[in-house]
Amino acid sequence: AALLAAGTARADESMFRPYLVGPRAAGMGGAFTALADDGSGAWYNPGGLAFVTSSQLSIAGSVYGLVTGSYGDALGDGHDFKYSGIDTLPTATAAIWRLGSGDSVDVFSVNAFFLADQLQTVYAGLGWAHRSGRLGFGAAVFGLLGTRLTQFDITAVSPTDPSQFATITARTDETTYGAVGSVGLRWDPTDDLHLGLSVYSPAIGFGKRRFFARVAGGNVPPSGVTAAAVVNEG
C-alpha cells in the first residue's frame, strides 16, 4: 500500500554526499546510518558518535575505480574520441574526543579528488553527540570548498589534405563555497538491534564559474591562413 501511494521524487545534482567515506561504511555499502560509531560518523549520522567508547584519531582513504568511455564520431565519421580515468579518491581524517557524561565531539574532514574532471572538494565539519542509556543524539555542521577544472581539446585533420585542420579547445573553471547542517538519532533497543535516523539541511552557498573556448581552423602556414574565434565568459 505504501508503494502504491508513493509520489515522485526529483533527482538533485547538488547532493553533497556523492560517494562513500570510511572503510567500514564503504564495506557495508553505505548502510552505516544505524551505527555511525567511528570517525566517519558525522558524515552519516551524528547521533551515532554518542556510542564511541573512547577518544580516537583516524585516517582513511579509498579508490573507487576506473572510468572509461567515448564520444561517437567526435573526430569524424567512424572516428570516436575515447577517454579513461580514475573516478574518485576520497580521503577522510577525523578526531573524536570523549568528554565524559556521555558527550562526544568529532572534528571531521573529507578531501575528494576526481581525476577524470580534476574535481576536488574539501569538507570540514564539527559534530557533537550525547548518549542517554540506549539513545544517542547529535548534530553536525560542514563547510565545503570545491574546485573543478574541465578541459576539452579536439583537433581534426583532413584525411586527404593534412594542411586542412580544425581545433576546438574549451575550459571551464568553477569554485564553490557552501555549508550544510545535520541532526541524527541512534537507538539500540537491544544489544543486537540498532536503529538510526539522520536529517540533513539543503546545501547552501555560492560560487563562480569562468568559461573559455577557442575554435581555430584553416590551412597550416605558410600555405594558407588560419582563422580563430575566442569566447571568454566570467
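Residues numbered from 1 in each chain as written. Predicted model: local features only at pLDDT ≥ 70, side-chain atom pairs only at ≥ 80, totals over all residues. Heavy atoms only, no water.

**Student:** Which parts of the structure should I look at to understand the overall build of the chain?
**Tutor:** Across its full length, the chain holds two helices and 11 strands. Helices and strands in the chain line up, N terminus first, as α-α-β-β-β-β-β-β-β-β-β-β-β. Within the chain, the fraction of its 234 residues that count as buried is 30%. (Helix = DSSP H or I, 4+ residues; strand = E, 2+ residues; numbered from the N terminus. Buried < 20%, exposed > 50% of the residue type's maximum accessible area, 1.4 Å probe, protein only.)

**Student:** Any chance you could explain the side chain of S40 here in plain terms?
**Tutor:** When you line up the elements, S40 lands in the loop between α1 (23-27) and α2 (41-44). A distance of 2.8 Å separates a polar atom in the side chain of S40 from a polar atom in the side chain of D38. In contact with S40, other than residues within four places in its own chain, are V21, G22, F32 and F108. (Polar contact = N/O pair within 3.5 Å; in protein donor to acceptor, adjacent residues only side chain to side chain. Contact = heavy atoms within 4.5 Å.)

**Student:** Explain the pattern of salt bridges to me, please; I cannot follow it from the model alone.
**Tutor:** Between side chains of opposite charge, a pair can form as their charged atoms come close. All chains considered together, the criterion is met by six salt bridges. D173 is the salt-bridge partner of R171, the closest N and O atoms lying 2.9 Å from each other. Of the charged contacts in the structure, one is a salt bridge between E174 and R209, with a shortest N-O distance of 3.4 Å. Here R209 lies in strand β10 (residues 204-219) and E174 lies in strand β8 (residues 164-187), a separation of 35 residues in the sequence. Taken together, the shared-partner salt bridges connect R24, D37, R186 and D188 into one network. (Salt bridge = Lys/Arg side-chain N within 4 Å of Asp/Glu carboxyl O.)

**Student:** Would you take a moment to explain a nonpolar patch on the surface for this structure?
**Tutor:** A surface patch of nonpolar side chains, amounting to about 880 Å² of accessible area, comprises W128, L135, F137, V183, L185, W187, L193, L195, L197 and V199. Sorting the residues of the nonpolar patch by element identifies β7 (135-157), β8 and β9 (195-200) as the ones contributing at least two each. Within the secondary structure layout, V183 lies in strand β8. (Patch = residues over 30% accessible without salt bridge, like charges linked within 9 Å, V, L, I, M, F, W, Y side chains within 5 Å. Areas by Shrake-Rupley, 256 points an atom, 1.4 Å probe, with all protein chains shown as cover.)

**Student:** Help me understand the nonpolar core, please; the structure alone is not making it clear to me.
**Tutor:** Most often, soluble globular proteins keep nonpolar side chains buried together rather than apart. By size, the foremost hydrophobic cluster in this structure holds 23 residues, and its most contacted members are V21, W43, F108, V110 and F142. At the level of secondary structure, the elements contributing two or more residues to this core comprise α2, β4 (89-100), β5 (103-114), β6 (119-132) and β7. The contact partners of F142, leaving out residues within four places of it in the chain, are A42, W43, F108, A124, G125, G178, A179 and V180. (Core = buried A, V, L, I, M, F, W, Y, C linked by side-chain atoms within 4.5 Å.)

**Student:** Mind showing me how you'd approach the pairing of β7 here?
**Tutor:** For a regular strand, side chains alternate in direction, first toward one face of the sheet and then toward the other. Two strands pair when backbone bridges link them, and β6 and β7 are joined in this way by 14 bridges, in the antiparallel orientation. Opposite H130, over in β7, you have F137 as the bridge partner. Counted along the chain from β6 to the antiparallel partner β7, the turn is two residues long, and its residue G133 has a positive phi close to 70°. As judged from the 23 bridges shared by β7 and β8, these two strands associate in the antiparallel manner. Counted as the bridge partner of G136 is R186 from β8. (Pairing = 2+ DSSP bridges.)

**Student:** Mind showing me how you'd approach the side chain of T172 here?
**Tutor:** Of note, T172 is situated in strand β8. Beyond its immediate sequence surroundings of up to four residues, T172 is in contact with R148, L149, T150, R209, R210 and F211.

**Student:** Any chance you could explain the packing of aromatic side chains here in plain terms?
**Tutor:** Taken as a whole and assessed by the stated rule, the structure comprises five aromatic pairs. For the ring pair W43 and F142, a centre distance of 5.9 Å and an interplane angle of 90° mean the geometry is edge-to-face. Here W43, found in helix α2, pairs with F142, found in strand β7; they are 99 residues apart in sequence, far enough to count as distant. F142 matches W43 in its accessibility class, with the two residues each being buried. Members of the aromatic cluster, connected to one another through ring pairs, are W43, Y123 and F142. When the ring centre of F51 is taken as origin, the NZ or CZ atom of R186, which lies over that ring, is 4.0 Å away. (Phe/Tyr/Trp six-rings, centres within 6.5 Å; stacked < 30°, edge-to-face > 60°. Lys NZ or Arg CZ within 6 Å of the ring centre and 35° of its normal.)

Distances and angles like these do not, on their own, reveal function.
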